[in-house]
Amino acid sequence: MNSKKYIYSLDSLPQVADDIIKFIQDNDIHTVTLEGSIGVGKTSLVRTVLQKMGVSQPVSSPTFSYINVYTLSSGKKVYHFDLYRLSGVQQFYDAGFDEYLEDEKAFVFIEWPELIEKELSGNVCFLKIEYVSSDKREIVYAVKG
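Throughout what follows, the structure given in this document is the object of discussion. (Residues numbered from 1 in each chain as written. Predicted model: local features only at pLDDT ≥ 70, side-chain atom pairs only at ≥ 80, totals over all residues. Heavy atoms only, no water.)

Looking at the nonpolar core
Within the largest apolar cluster, 30 residues are counted, with the highest numbers of intra-cluster contacts made by Ile20, Leu45, Leu50, Phe109, Leu127 and Ile139. Looking at this core, the elements with two or more residues in it are helix 1 (13-26), strand 2 (31-35), helix 2 (42-53), strand 5 (107-111), strand 6 (124-133) and strand 7 (136-144). In terms of residues, this core owes the most to one element, helix 1, which gives 7 residues. Once residues lying within four places of it in the same chain are set aside, the contact partners of Leu127 are Ile20, Val32, Thr33, Leu34, Glu35, Leu45, Ile139, Val140 and Tyr141. By size, the runner-up hydrophobic cluster in this structure holds 16 residues, among which are Tyr66, Phe81, Leu86 and Ile116. (Core = buried A, V, L, I, M, F, W, Y, C linked by side-chain atoms within 4.5 Å. Buried < 20%, exposed > 50% of the residue type's maximum accessible area, 1.4 Å probe, protein only. Helix = DSSP H or I, 4+ residues; strand = E, 2+ residues; numbered from the N terminus. Contact = heavy atoms within 4.5 Å.)

Structure, rendered in structure tokens:
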């Protein structure tokens, strides 16, 4: 299993995003999960990664919509989920969200993935962010496939 762990400051978020993009490319990753407490910076990290990947439209939290869809400059789709408010995996399936996971030509970013982790297949980057201090975070990510 390929993994990385380090502490970063919020000012270095663009460099962290560059490293994650390289990790995604080097490991042929289709899906990235993000775990961490509320306010730790999951959406900020996704926003920075997607902007660096070529999303020109505003990137916002999908907390209330569950999913936001973006298009990279290459035309490739990106699905950004926030599953915090889901009550169970059946609600995920009832909403038809599993169809997005099957789009192998897209990238999928999932905040609060705990309910559906067992449903994920292929190379998946499991990313966890934790507070170190008010302006520092520890990030750990690994590919499992």
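Having seen it, we continue.
What about the packing of aromatic side chains?
Tallied over the full model, the rule gives 11 aromatic pairs. Ring centres 5.8 Å apart and planes at 50 degrees place the aromatic pair Phe81 and Phe92 in the tilted group. With Phe81 in strand 4 (residues 77-82) and Phe92 in helix 3 (residues 89-94), this residue pair connects regions lying 11 residues apart in the sequence. Overall, Phe92 belongs to the buried group, its relative accessible area being 0%. Pairwise contacts between aromatic rings join Tyr66, Tyr79, Phe81, Phe92, Tyr93, Phe97 and Tyr100 into one cluster. Sitting over the ring of Tyr66, Arg85 keeps its end group 4.6 Å from the ring centre. (Phe/Tyr/Trp six-rings, centres within 6.5 Å; stacked < 30°, edge-to-face > 60°. Lys NZ or Arg CZ within 6 Å of the ring centre and 35° of its normal.)

Focus: the environment of Thr31
Along the chain, Thr31 turns up in strand 2. Put simply, Thr31 and Glu104 are 73 residues apart on the chain and 9.3 Å apart in space, counted from C-alpha to C-alpha. Apart from the residues within four sequence positions on either side, Thr31 is in contact with Val108, Ile110, Leu120, Asn123, Val124 and Cys125.

Points about the environment of Leu13
When you line up the elements, Leu13 lands in helix 1. Its relative accessible area of 11% is what places Leu13 among the buried residues. Along the sequence, Leu13 and Trp112 sit 99 residues apart, while their C-alpha atoms lie 20 Å from each other. Once residues within four sequence positions are removed from consideration, Leu13 is found in contact with Tyr8, Ser44, Leu45 and Thr48.

Notes on helix 2
Taking 1.5 Å of rise per residue, 12 residues should cover 16 Å, and helix 2 covers 16 Å from first to last C-alpha, within 8% of that figure. Turning to helix 2, its buried residues are Lys42, Thr43, Leu45, Val46, Thr48, Val49, Leu50 and Met53. One or two residues past the end of helix 2 sits Gly54, with phi positive at roughly 115 degrees. (Expected span 1.5 Å × (residues − 1).)

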